[in-house]
Structures are given as C-alpha cells and as structure tokens.
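An overview of the molecular structure
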Amino acid sequence: MIETIYIARHGYRLNWINTNWKSPTGLPRDPPLAAYGEAQAQELAAYFLALPEEKRPTIILSSPYYRCLQTSKPTSQALEVPIYVEHGLSEWYSPVVPGTGLHPRPSPAVVMQTYFSEIDPSWSSIWYPTRRGEDVEALHERANGVIDLLVTEIEKRFGVNHKNILLVSHAATVIVLCRALLAQPDLPLRVGCCSISELSRKSDAMGVLGAWEAKALASGSHLKEGASRDWGLEDIQIANGKVISDQGVPETQEEEDIFGPQIRRSSL
C-alpha cells in the first residue's frame with residue numbers, strides 16, 4: 001500500500017529567460033529547463049537521496065512534457081528508479097478559442113524514451129486531458145479522477161512493492177492534486193519551481209480522496225535559493241466570470257482527441 005506521495009513541480013523554464021528557445025522534441029509550448037532549472041532538479045535529487053532509504057520514492061510518475069522529464073531525470077538516476085510517463089499529470093490549458101485548433105499533446109512514452117533512457121514505457125497512461133482545454137472545475141475533476149485511479153492502479157499492479165511514490169507535474173496540476181488528496185477543494189496554495197509537497201496516508205483512512213494529511217506543501221526548503229517563480233490559481237486571468245480562452249495550435253482542429261480515463265474504475 002502507498003504510504004507517502006511526494007509531488008514536485010518542474011524546474012525553472014528556459015522560455016522565461018530566453019524568447020528564442022527551441023523545443024527539443026519540436027512540440028509547441030514544450031520548453032526545456034533553463035540551466036538554473038537543471039540545477040534545481042539536481043537539488044531535488046540530492047534531497048531524496050539524503051532521505052532514509054525507507055522514505056525514498058521507488059517510482060516516479062511524470063507529466064510527459066520535456067521540462068518535467070528533465071526534472072525527474074536526476075532523481076531517477078540518483079535513486080535508480082524508473083520514470084513512468086503519465087499524461088494525466090499533464091499541463092493545464094484553458095479552453096481553446098473555437099476554430100483555432102487543439103492544444104499540443106506530447107508523444108507516447110516509447111518515443112520520449114529516445115530522449116530519456118530512464119523512462120520505462122511499460123506503463124500506459126491511465127488518463128488523458130482533453131486537447132480542447134479545461135476550465136477550473138474540469139481541472140479539479142481531472143485531478144480527482146487521476147489520483148483515485150493512479151493510487152489504485154499502482155497498488156493493484158505492484159502490490160506492496162511501492163510505499164512511496166513521486167509525481168512530477170506543473171503548478172496548476174500540483175495544486176489540484178494536493179486539494180484532491182486532502183479533500184480541500186479551496187485549499188490556498190502557491191507552488192514554486194522544484195518545490196515538494198509530501199502527503200502521508202492516514203492510518204484509519206478509506207479510499208483515496210481525502211485519505212491523506214500534509215507533511216509539507218510546496219516547500220522549497222531543500223533548494224539553495226528556495227522555490228522560485230511561484231504560481232497559484234488566483235493568478236488565472238478571468239473575463240466575465242470565466243477563464244480566458246487560449247489559442248490552439250494551427251491546423252490541428254481535425255486531429256484525434258482521446259481524453260478521460262483509459263481504465264475502468266467503479267467510482268468514476
């Protein structure tokens with residue numbers, strides 16, 4: 001049974017300091033880490049390596065975006081644990097402006113393994129967010145569904161082999177995952193780069209949602225310069241009571257948009 005879930009945000013992005021960045025994979029809106037972000041990822045790895053062995057994560061589940069996989073890599077190498085690519089942990093995009101296309105979707109794990117050999121492609125993503133974007137309510141619904149399925153599937157597939165797991169994701173997704181695990185949908189939380197949240201399972205808890213207590217939330221105490229570039233859902237741009245829509249990727253309107261849970265769960 002999983003006892004501890006660590007959740008980290010990716011490191012500092014290159015596009016925040018360089019407008020001429022290029023995507024290593026060619027995927028739009030998929031910047032790599034800046035050198036500072038890579039240093040943060042190394043500090044993240046050092047933190048987990050310094051933990052007692054029984055407290056270290058034994059698997060990493062990462063968003064498929066390049067910056068998250070880059071962030072995961074040093075910890076994977078230091079702890080000698082695999083990275084599983086999980087699309088349910090992907091970036092949050094607001095709803096697309098109609099007729100402008102769809103949001104980008106990173107390649108499958110087997111393709112991303114050509115960039116990161118630490119990836120174990122045997123894991124199939126249990127959830128895909130829609131490429132048409134999500135409002136805040138739908139983002140919360142995704143987090144609830146993903147974490148419920150994820151914990152259950154890991155315990156079903158691996159039994160007692162993994163007591164501690166690490167999720168690597170994006171600011172908005174990290175926030176709603178913490179809210180889901182704590183059953184606190186209005187929890188105020190700002191998440192900085194390479195910050196860590198640690199959630200422990202309550203001894204008398206049933207199920208997954210609300211079955212955890214926070215030992216740390218978006219902590220940057222392990223980082224030399226602390227958690228930088230923090231972000232919260234209160235930073236979302238709103239117009240007429242709704243999240244401002246975003247442009248899709250041109251010429252993707254007719255592409256496939258598989259989304260939602262990819263395995264069955266009676267509670268969904």
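Our subject in this report is the structure included herewith. (Residues numbered from 1 in each chain as written. Predicted model: local features only at pLDDT ≥ 70, side-chain atom pairs only at ≥ 80, totals over all residues. Heavy atoms only, no water.)

1. Side note on the packing of aromatic side chains
- All chains considered together, the criterion is met by 9 aromatic pairs.
- Pairwise contacts between aromatic rings join Tyr6, Tyr47 and Phe48 into one cluster.
- We note Arg229 situated over the ring of Trp16; from NZ or CZ to the ring centre the distance is 4.3 Å. (Phe/Tyr/Trp six-rings, centres within 6.5 Å; stacked < 30°, edge-to-face > 60°. Lys NZ or Arg CZ within 6 Å of the ring centre and 35° of its normal.)

2. Structural notes on the packing of helix 4 (residues 136-158) against helix 5 (residues 171-182)
- Where helix 4 contacts helix 5, the two axes come as close as 9 Å, and the packing angle between them is 60 degrees. With respect to each other, helix 4 and helix 5 are oriented oblique. As helix 4 packs across helix 5, the resulting crossing turns out to be right-handed. Seen from helix 4, the contacting residues are Leu139, His140, Arg142, Ala143, Asn144 and Ile147; seen from helix 5, they are Ala172, Thr173, Val176, Leu177, Arg179, Ala180 and Leu181.
- When the residues that make up the contact of helix 4 with helix 5 are grouped by side-chain class, the tally is 8 nonpolar, 3 polar and 2 charged. (Axes fitted to C-alpha atoms, helices over the stretch in contact; angles between N-to-C directions. Helix = DSSP H or I, 4+ residues; strand = E, 2+ residues; numbered from the N terminus. Parallel < 35°, antiparallel > 145°, perpendicular 65-115°, else oblique. Left-handed = near helix turned anticlockwise from the far one by under 90°. Contact = heavy atoms within 4.5 Å. Nonpolar A, V, L, I, M, F, W, Y, C, P; charged D, E, K, R; others polar.)

3. Regarding the pairing of strand 2 (residues 59-62)
- Neither face of strand 2 is open: one carries Ile59 and Leu61, the other Ile60 and Ser62, and all of them are buried.
- The sheet contact formed by strand 2 and strand 5 (residues 164-169) spans 4 bridges and is parallel. Following the sheet pairing, Ile59 is matched in strand 5 by Ile165.
- One ladder, built from 3 bridges, connects strand 2 with strand 3 (residues 83-85); its direction is parallel. (Buried < 20%, exposed > 50% of the residue type's maximum accessible area, 1.4 Å probe, protein only. Pairing = 2+ DSSP bridges.)

4. Let's talk about the layout of surface pockets
- A volume near 640 Å³ is recorded for the largest pocket.
- Residue lining of the largest pocket: 23 residues in total, with Glu91, Trp92, Tyr93, Trp231 and Asp246 positioned closest to the centre.
- Of the residues in the lining of the largest pocket, the class split is 9 nonpolar, 5 polar and 9 charged. (1 Å grid on protein atoms, 1.4 Å probe; cavity = no way out; pocket = protein on both sides within 12 Å on 5 of 7 lines; lining within 4 Å. Points joined across faces, edges and corners; volume = space filled by probe spheres on them.)

5. Section: empty space enclosed by the protein
- Tallied over the full model, the rule gives 1 cavity of 30 Å³ or more.
- Considered as a void within the structure, the largest cavity measures approximately 110 Å³ in volume.
- For the largest cavity, the lining is made up of 16 residues, of which Tyr65, Tyr93, Pro104, Pro129 and Thr130 are closest to its centre.
- Residue classes in the lining of the largest cavity are distributed as 6 nonpolar, 5 polar and 5 charged.

6. Structural notes on unusual backbone geometry
- For Glu80, which is not glycine, the phi dihedral falls at a positive 55 degrees.
- With respect to the element layout, Glu80 can be found in the loop between helix 2 (66-79) and strand 3.
- The phi dihedral of Cys194 falls on the positive side, at around 60 degrees, and the residue is not glycine.
- Mapped onto the secondary structure, Cys194 falls in the loop between helix 5 and strand 6 (196-201).
- Under the relative-accessibility criterion, Cys194 is labelled buried at 0%.

7. Focus on the side chain of Gln70
- Position of Gln70 relative to the elements: it lies in helix 2.
- For Gln70, the residues in contact, after removing those within four places along its chain, are Pro32, Leu33, Glu38, Ala41 and Phe116.

8. Describing a nonpolar patch on the surface
- Taken together, the side chains of Val110, Val111 and Tyr115 present a nonpolar region at the surface, about 240 Å² in accessible area.
- Here Tyr115 lies in the loop between helix 3 (109-112) and strand 4 (127-128). (Patch = residues over 30% accessible without salt bridge, like charges linked within 9 Å, V, L, I, M, F, W, Y side chains within 5 Å. Areas by Shrake-Rupley, 256 points an atom, 1.4 Å probe, with all protein chains shown as cover. Salt bridge = Lys/Arg side-chain N within 4 Å of Asp/Glu carboxyl O.)

9. Regarding the sheet that holds strand 6
- Here we have 6 strands laid out as an open sheet, ordered 3-2-5-1-6-7, and mixed in their pairing. Every other strand in the sheet has two partners, leaving strand 3 and strand 7 (212-219) as the edge strands with one partner each. The sheet shows a mean angle of 20 degrees between the axes of neighbouring strands, direction not considered.
- Pairing of strand 6 with strand 7, which is carried by 5 bridges, proceeds in the antiparallel orientation. Along strand 7, the bridge assignment pairs Leu199 with Ala214.
- Helix 1 (residues 35-50) rests against strand 1 (4-9), strand 5 and strand 6 of the sheet, and its axis sits at about 30 degrees to strand 6.
- Strands strand 1, strand 2, strand 3 and strand 5 of the sheet are contacted by helix 2, whose axis makes an angle of about 175 degrees with strand 2.

Geometric descriptors of this kind do not, in isolation, establish any biological role.
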